[in-house]
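# Coordinate inspection notes
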Amino acid sequence: MTDRQFTVDDLHRILVEGAGETEGGALGPDTIDTTFDELGYESIALLETGSRIEREFGVSLSDEDVMDSRTPRGLIEAVNTRLGTTSGAAV
């Protein structure tokens, strides 16, 4: 188990680095349960985000892990599961 957690701030930074800011609004604690579609992120942006997360955090995420995570909370939980953290979605 690791002390490192993947947070909503990490996800926001990586999304913006890979796909840019969208018109759907900034990603943060108040939008953690909003779907990526509603936030304006398409599947290609999410797959790029998954690749960037893998490189930066040293985890392995399948395309299904990323695409089945329909919200930021879901993706954060998936990454934290891979990291071995147990505190759920870090915001």
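Residues numbered from 1 in each chain as written. Predicted model: local features only at pLDDT ≥ 70, side-chain atom pairs only at ≥ 80, totals over all residues. Heavy atoms only, no water.

Our focus in this paragraph is the pattern of salt bridges. Under the criterion given, the structure shown has 9 salt bridges. The salt bridge involving R70 is made with D37; its shortest N-O contact spans 4.0 Å. In this pair, R70 sits in the loop between α4 (63-67) and α5 (72-83) while D37 sits in helix α2 (residues 36-39), placing the two residues 33 residues apart along the sequence. Grouping residues by exposure puts R70 and D37 together as exposed. Salt-bridge contacts for E48 lead to R52; the nearest nitrogen and oxygen are separated by 2.8 Å. With E48 and R52 both in helix α3 (residues 43-57), this residue pair falls 4 residues apart, about one helical turn. For E48, a relative accessible area of 29% gives the class partly exposed. One salt-bridge network, in which partners are shared between bridges, spans R4, D10, R13, E17, E48, R52 and E56. (Salt bridge = Lys/Arg side-chain N within 4 Å of Asp/Glu carboxyl O. Helix = DSSP H or I, 4+ residues; strand = E, 2+ residues; numbered from the N terminus. Buried < 20%, exposed > 50% of the residue type's maximum accessible area, 1.4 Å probe, protein only.)

Looking now at the nonpolar core. By size, the foremost hydrophobic cluster in this structure holds 21 residues, and its most contacted members are F6, L11 and I53. Sorting the residues of this core by element identifies α1 (8-19), α2, α3 and α5 as the ones contributing at least two each. The contact partners of L11, leaving out residues within four places of it in the chain, are F6, L27, F36, T49, I53, P72, L75 and I76. (Core = buried A, V, L, I, M, F, W, Y, C linked by side-chain atoms within 4.5 Å. Contact = heavy atoms within 4.5 Å.)

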